[in-house]
Amino acid sequence: MITPTGGGRRRPGQLEIEIMTVLDSAVRPLTPGEVRDRLEPAGSISYSTVVTTLTRLFDKGAVARHRDGRAFRYGALSAPAGLVADRMSRLMEVEPDRATVLRRFVSNLSPDDERLLRELLEQDPPGD
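Remember, predicted model here, so these are calculated numbers, not experimental data.

A. Representation of the overall build of the chain in the model. The secondary structure content of the chain amounts to six helices and two strands. In the chain, the order of α-helices and β-strands from amino to carboxyl end is α-α-α-β-β-α-α-α. Taking all 128 residues of the chain together, the buried fraction comes to 23%. The contacts of the chain with a sequence gap of at least 6 include a subset with a gap of at least 24, amounting to 46%. Element-wise, carbon and sulfur atoms account for 54% of the exposed surface of the chain, whose accessible area totals about 8,900 Å².

B. Quick peek at the nonpolar core. Of all hydrophobic cores here, the largest spans 17 residues; its most connected members are Ile19, Leu23, Val35, Leu39, Val50, Leu54 and Leu57. Looking at which element gives the most residues to this core, the answer is helix H1 (residues 14-25), with five residues. Leave out the neighbours within four places in its chain, and leucine 23 touches Leu30, Val35, Leu54, Val63, Tyr74, Gly75 and Ala76.

C. Region of the structure containing the packing of aromatic side chains. Tallying each qualifying case throughout the model produces one aromatic pair. Over the ring of phenylalanine 72 we find arginine 65, and its NZ or CZ is 4.3 Å from the ring centre. Arginine 67 extends its terminal NZ or CZ atom over the ring of phenylalanine 72, reaching a point 4.4 Å from the ring centre.

D. Summary view of the pattern of salt bridges. Taken as a whole and judged by the stated rule, the model has seven salt bridges. Among the salt bridges present, the one from aspartate 37 reaches arginine 36, with a minimum N-O distance of 3.7 Å. We classify arginine 36 as partly exposed; its relative accessible area is 23%. The salt bridge partner of arginine 118 is glutamate 114, with a shortest N-O separation of 2.8 Å. Of this pair, arginine 118 and glutamate 114 are both found in helix H6 (residues 111-122), four residues apart, which corresponds to roughly one turn of the helix.

Criteria and thresholds
- Residues numbered from 1 in each chain as written.
- Predicted model: local features only at pLDDT ≥ 70, side-chain atom pairs only at ≥ 80, totals over all residues.
- Heavy atoms only, no water.
- Helix = DSSP H or I, 4+ residues; strand = E, 2+ residues; numbered from the N terminus.
- Buried < 20%, exposed > 50% of the residue type's maximum accessible area, 1.4 Å probe, protein only.
- Contact = heavy atoms within 4.5 Å.
- Areas by Shrake-Rupley, 256 points an atom, 1.4 Å probe, with all protein chains shown as cover.
- Core = buried A, V, L, I, M, F, W, Y, C linked by side-chain atoms within 4.5 Å.
- Phe/Tyr/Trp six-rings, centres within 6.5 Å; stacked < 30°, edge-to-face > 60°.
- Lys NZ or Arg CZ within 6 Å of the ring centre and 35° of its normal.
- Salt bridge = Lys/Arg side-chain N within 4 Å of Asp/Glu carboxyl O.

Quick look at the structure:
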């Protein structure tokens with residue numbers, strides 16, 4: 001079961017990531033009810049919230065869906081990390097002062113994440 005952080009509220013985008021994680025680990029596409037049951041078996045998340053989030057993920061091109069009887073079945077098209085990376089890229093696209101944003105981002109990284117970022121930047125770029 002995945003639980004929300006702090007006072008019962010999820011961070012923006014957290015439910016999308018949780019749903020993508022469930023879909024990514026599934027061996028077959030899931031219905032919204034199956035997703036809800038895997039997220040929170042106690043039923044504290046509503047079916048309609050799961051359907052709305054899956055529809056948004058479908059509109060973003062993050063999941064595929066096909067009709068199965070009266071419901072749709074959904075499957076992940078990419079790993080949850082891809083959804084986060086896409087969100088970060090979209091945020092960067094609207095900011096003209098990218099250097100300041102990146103400097104601030106890096107200054108807020110943990111030492112381990114900063115070390116990882118430096119290692120990734122030292123690697124040869126894909127396609128070279």
